[in-house]
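Residues per chain, in single letters:
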Amino acid sequence: MPLEHIESEIVREDNGFSFSMRIRGAQQTVRVFVSDDALEGDSALPDDEELRTQLETDRAALEAVASEKYARGQVAADGVVAITLTDVVKFID
């Protein structure tokens, strides 16, 4: 099952940000973690605010990646879908 967007708070964590998405057709939510390196792009050492802005700008694309990973079963044992630089390389080019 794919994930779908819900309005949720973006939370700053160690080395990244997280937000929630809902499993389509269910009331259950899944936490999505986006690592800082997935957001850094070409900027050298961006601050937290620049990273948050990048996340907000790219959120729809990141949610699509998270949904795809969830549908393929690429979920951590604790139920988190993690997005790292290797997941977003295709967007950087």
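This is a predicted model, so every value here is computed, not measured.

**Observations concerning the pairing of strand 4 (residues 29-35)**
Most of strand 4 sits inside the fold, with five of its seven residues counted as buried. Where strand 3 (residues 16-23) and strand 4 come together, seven bridges link them in antiparallel fashion. From the neighbouring strand, arginine 22 faces strand 4, where its bridge partner is threonine 29. Count of turn residues in the strand 3/strand 4 antiparallel hairpin: five residues, of which glycine 25 carries a positive phi of about 85°. Here three bridges tie strand 4 to strand 5 (residues 81-83), and the two strands are oriented parallel to one another.

**Observations concerning the environment of valine 32**
Tracing the backbone shows valine 32 in strand 4. Between the C-alpha atoms of valine 32 and serine 18, which are 14 residues apart in sequence, the distance is 5.4 Å. Setting aside residues no more than four positions away along its own chain, valine 32 makes contact with Phe17, Ser18, Phe19, Met21, Ala66, Val81 and Ile83.

**A word on unusual backbone geometry**
Although it is not a glycine, asparagine 15 sits at a positive phi angle of roughly 65°. Residue position: asparagine 15 is located in the loop between strand 2 (11-13) and strand 3. The exposure class of asparagine 15 is exposed, given its relative accessible area of 58%.

**Overview of the packing of aromatic side chains**
Applying the stated rule across the entire model yields zero aromatic pairs. Between the NZ or CZ atom of arginine 12 and the centre of the ring of phenylalanine 17, over which it lies, the distance is 4.5 Å. For the cation-ring pair, arginine 59 lies above phenylalanine 19, with the distance from its terminal atom to the ring centre recorded as 4.4 Å.

**A look at the confidence of the model for the chain**
Summary statistics for the chain give a mean pLDDT of 89 and a share of 90% for residues scoring 70 or more. Mean pLDDT values for the elements of the chain range from 76 in helix 3 (residues 85-92) up to 97 in strand 5.

**Section: a negative patch on the surface**
Together, Asp47, Glu49, Glu50 and Glu56 make up a negatively charged patch on the protein surface. Its place among the elements puts aspartate 47 in the loop between helix 1 (36-40) and helix 2 (48-71).

**A look at the pattern of salt bridges**
As enumerated under the stated definition, the model contains eight salt bridges in all. Residue aspartate 36 pairs with arginine 12 through a salt bridge whose shortest N-O separation is 2.7 Å. Within this pair, whereas aspartate 36 is found in helix 1, its partner arginine 12 is found in strand 2, the two being separated by 24 residues in sequence. Under the relative-accessibility criterion, aspartate 36 is labelled buried at 12%. A salt bridge links arginine 72 to glutamate 68; the shortest N-O distance between them is 2.7 Å. Several salt bridges share partner residues, and in doing so they unite Glu4, Arg22 and Arg24 into one network.

Rules used in this analysis
Residues numbered from 1 in each chain as written. Predicted model: local features only at pLDDT ≥ 70, side-chain atom pairs only at ≥ 80, totals over all residues. Heavy atoms only, no water. Buried < 20%, exposed > 50% of the residue type's maximum accessible area, 1.4 Å probe, protein only. Helix = DSSP H or I, 4+ residues; strand = E, 2+ residues; numbered from the N terminus. Pairing = 2+ DSSP bridges. Contact = heavy atoms within 4.5 Å. Phe/Tyr/Trp six-rings, centres within 6.5 Å; stacked < 30°, edge-to-face > 60°. Lys NZ or Arg CZ within 6 Å of the ring centre and 35° of its normal. pLDDT = per-residue confidence, 0-100. Patch = residues over 30% accessible without salt bridge, like charges linked within 9 Å, V, L, I, M, F, W, Y side chains within 5 Å. Areas by Shrake-Rupley, 256 points an atom, 1.4 Å probe, with all protein chains shown as cover. Salt bridge = Lys/Arg side-chain N within 4 Å of Asp/Glu carboxyl O. Lys, Arg positive; Asp, Glu negative; His and termini not counted. Charge placed at Lys NZ, Arg CZ, Asp CG, Glu CD.

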